[in-house]
Amino acid sequence: MDIDAFTTVHSAEWDRLRELSARRRLDGAESDELVRLYQSVATHLSTVRSTAPDPALVTRLSDVLNRARTRIAGAHEPAWREVVRFAVVSLPAAFYRIRWWTHAVTAACLLVAVVAGVHVASSEEALDALMPSAQREQYVNEAFASYYDPGIGFAGVVWTNNARIAALSVAGGITGFFPLMVLYQNAAQVGAIGGMMAAYGELDLFLTLITPHGLLELTCIFVAGAAGLRLFWSLIDPGHLRRTVALAAEGRALITTAVGLVVALAVSGLVEGFVTGSGLYWWLKIVIGALVLAAFWAYVYVLGGRASRAGATGDLAEHERGVTVVTAG
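**Student:** Quick rundown of helix 10 (residues 203-236)? Include the residues and the values.
**Tutor:** Taking 1.5 Å of rise per residue, the 34 residues of helix 10 would be expected to cover 50 Å, yet its terminal C-alpha atoms sit only 42 Å apart, more than 12% below that figure. Maximal helix bending in helix 10 amounts to about 60 degrees, located at Gly214. Taken across its 34 residues, helix 10 has 24 buried, putting it largely inside the fold.

**Student:** Can you explain the pattern of salt bridges? Please cite residues and give values.
**Tutor:** For the coordinates displayed, the defined rule picks out nine salt bridges. Among the salt bridges present, the one from Arg18 reaches Asp63, with a minimum N-O distance of 3.2 Å. Of this pair, Arg18 sits in helix 1 (residues 3-22) while Asp63 sits in helix 3 (residues 55-73), placing them 45 residues apart in sequence. Its relative accessible area of 30% is what places Arg18 among the partly exposed residues. By relative accessible area, Asp63 is classed as partly exposed at 28%.

**Student:** Before we move on, can you summarise the environment of Ala108 with the specific residues and values?
**Tutor:** The topology assignment puts Ala108 in helix 5 (residues 99-122). Distance from Ala108 to Tyr184, taken between C-alpha atoms, is 8.9 Å for residues 76 residues apart in sequence.

**Student:** Kindly report on the environment of Thr102, identifying the contributing residues and their values.
**Tutor:** As for its placement among the helices and strands, Thr102 is situated in helix 5. Each C-alpha atom of the pair Thr102 and Gly225 lies 7.8 Å from the other, and the pair is 123 residues apart in sequence. Here Thr102 is in contact with Phe222, Val223, Ala226 and Trp297, once residues within four sequence places are set aside.

**Student:** Which residues make up helix 2 (residues 28-51), and what are the values?
**Tutor:** In this model helix 2 runs 35 Å from its N-terminal to its C-terminal C-alpha over 24 residues, within 8% of the 34 Å that 1.5 Å per residue would give. Turning to helix 2, its buried residues number three or more, namely Glu30, Glu33, Leu34, Leu37, Ser40, Val41, His44, Leu45 and Val48. Sitting at the head of helix 2, Asp27 places a side-chain oxygen 3.2 Å from the backbone nitrogen of Ala29.

**Student:** Tell me about a nonpolar patch on the surface, residues and numbers included.
**Tutor:** Together, Tyr281, Trp282, Trp283, Val287 and Leu291 make up a nonpolar patch on the protein surface, roughly 620 Å² of accessible area in all. Secondary-structure assignment places Trp283 in helix 12 (residues 282-309).

**Student:** Account for the nonpolar core, with residues named and values stated.
**Tutor:** In this structure, Phe95, Val105, Leu183 and Phe296 are the most contacted members of the largest nonpolar core, which totals 30 residues. Within the residue set of this core, elements represented by two or more residues are helix 4 (79-97), helix 5, helix 8 (152-171), helix 9 (177-199), helix 10, helix 11 (243-276) and helix 12. Counting residues per element, this core draws most heavily on helix 10, which supplies 10 residues. Sequence-distant contacts of Phe296, defined by excluding residues within four places in its chain, comprise Phe95, Leu216, Thr219 and Val223. Formed by 17 residues, the second largest nonpolar core is a distinct cluster that contains Trp14, Leu20, Ala52 and Leu65.

**Student:** Talk me through the confidence of the model for the protein chain; I want residue IDs and the actual numbers.
**Tutor:** Here the protein chain shows a mean pLDDT of 83. Residues at 70 or above account for 88%. Counted against residues more than four places away or in other chains, residues 319-329, with its pLDDT under 50, gives 20 contacts.

**Student:** I'd like a description of the packing of helix 7 (residues 133-146) against helix 10, backed by residues and values.
**Tutor:** Viewed as axis vectors pointing N to C, helix 7 and helix 10 meet at an angle of 10 degrees, and their least axial separation amounts to 11 Å. The angle between the axes of helix 7 and helix 10 places the two elements in the roughly parallel class. Contact with helix 7, carried on its side by Val140, Phe144 and Ala145, involves Leu205, Phe206 and Leu209 of helix 10 and no other residues of that element. Here the contact of helix 7 with helix 10 is built from residues that sort into six nonpolar, no polar and no charged.

**Student:** Give me the lowdown on the packing of aromatic side chains, citing residues and values where you can.
**Tutor:** This model, assessed by the stated rule, comprises nine aromatic pairs. Between Trp101 and Trp233, the aromatic rings sit 6.5 Å apart at their centres with planes inclined by 55 degrees, giving tilted as the arrangement. Separated by 132 residues along the polypeptide, Trp101 in helix 5 and Trp233 in helix 10 bring together distant segments of the chain. Given the relative accessible area of 28%, Trp101 is considered partly exposed. Taking the centre distance of 5.9 Å and the plane angle of 55 degrees together, the rings of Tyr139 and Phe144 count as tilted. When its relative accessible area of 4% is taken as the criterion, Phe144 is described as buried. Ring pairs connect the aromatic residues Phe95, Tyr96, Phe296, Trp297 and Tyr301, which therefore count as one cluster. Over the face of the ring belonging to Tyr96 we find Arg99, whose NZ or CZ atom lies 3.8 Å from the ring centre.

Conventions adopted
- Residues numbered from 1 in each chain as written.
- Predicted model: local features only at pLDDT ≥ 70, side-chain atom pairs only at ≥ 80, totals over all residues.
- Heavy atoms only, no water.
- Helix = DSSP H or I, 4+ residues; strand = E, 2+ residues; numbered from the N terminus.
- Expected span 1.5 Å × (residues − 1).
- Bend = angle between axes of the 7 residues up to and from the residue.
- Buried < 20%, exposed > 50% of the residue type's maximum accessible area, 1.4 Å probe, protein only.
- Salt bridge = Lys/Arg side-chain N within 4 Å of Asp/Glu carboxyl O.
- Contact = heavy atoms within 4.5 Å.
- Polar contact = N/O pair within 3.5 Å; in protein donor to acceptor, adjacent residues only side chain to side chain.
- Patch = residues over 30% accessible without salt bridge, like charges linked within 9 Å, V, L, I, M, F, W, Y side chains within 5 Å.
- Areas by Shrake-Rupley, 256 points an atom, 1.4 Å probe, with all protein chains shown as cover.
- Core = buried A, V, L, I, M, F, W, Y, C linked by side-chain atoms within 4.5 Å.
- pLDDT = per-residue confidence, 0-100.
- Axes fitted to C-alpha atoms, helices over the stretch in contact; angles between N-to-C directions.
- Parallel < 35°, antiparallel > 145°, perpendicular 65-115°, else oblique.
- Nonpolar A, V, L, I, M, F, W, Y, C, P; charged D, E, K, R; others polar.
- Phe/Tyr/Trp six-rings, centres within 6.5 Å; stacked < 30°, edge-to-face > 60°.
- Lys NZ or Arg CZ within 6 Å of the ring centre and 35° of its normal.

So this is what it looks like as structure tokens:
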């Protein structure tokens, strides 16, 4: 298709649609014309996209149609509908699309934690490198358990700290290296502390206190790392999209993921603040933690899977993000 000829033939219709969309008041005939032109220009955009996806022209037509859509349908949906759509479509879809990245990161971090734990538990030199003997005994016998002080203040501190770690993984995702560094340090530190507790015969205390909240908390860290690495990978392998377009789409989906992680980490913080250090039976604490984690993955796989099959990715809607241009090679 000759783009220049196509533009010459239809440009007057596009300009007319833009003009009508910008008017504050329309009579009956003009309203009918607006709807007719909207349908016509939508067909033009579809034709251009399927036969000759010129970026400038597609962007122009998308902008014209967005303005006309707003003029026809009103400003936008009520805010609560957008919130509901975000919660049941966009967010679970964003989590779902990086599920395999998350599982891979989880497996790698668990391996690092186990290796670090075994090394510290079986090596006196590793224990000394972790902290001095007197400090270790005080930590194992008092500090570790006393850290989990039930209350909303403690939950808030935990939430802030974990959100910071997740944000570092997300924000540094474009580098590729930074999420790996954060994930490795976090996994090695958790494993080393577990190894030290095991060396003093307190592995059961370590698992009892870290499992209730840690199941969801660490999963959130793994999701953040996976999202950051996925952003980096879109730079390496943009697929059928332009590299800048793929990076922008992944970045928007990553923001969706980051917002969801703030909420998930708040839940984890509440568990840590009110369950981990509480007087509940140890088995009940672990059951609560396991149920919270199960609820998270059910949310991802049930709602996320359904949203993904419907075409959602966690990105903005098409009329909000503009145009996506397919390129060869």
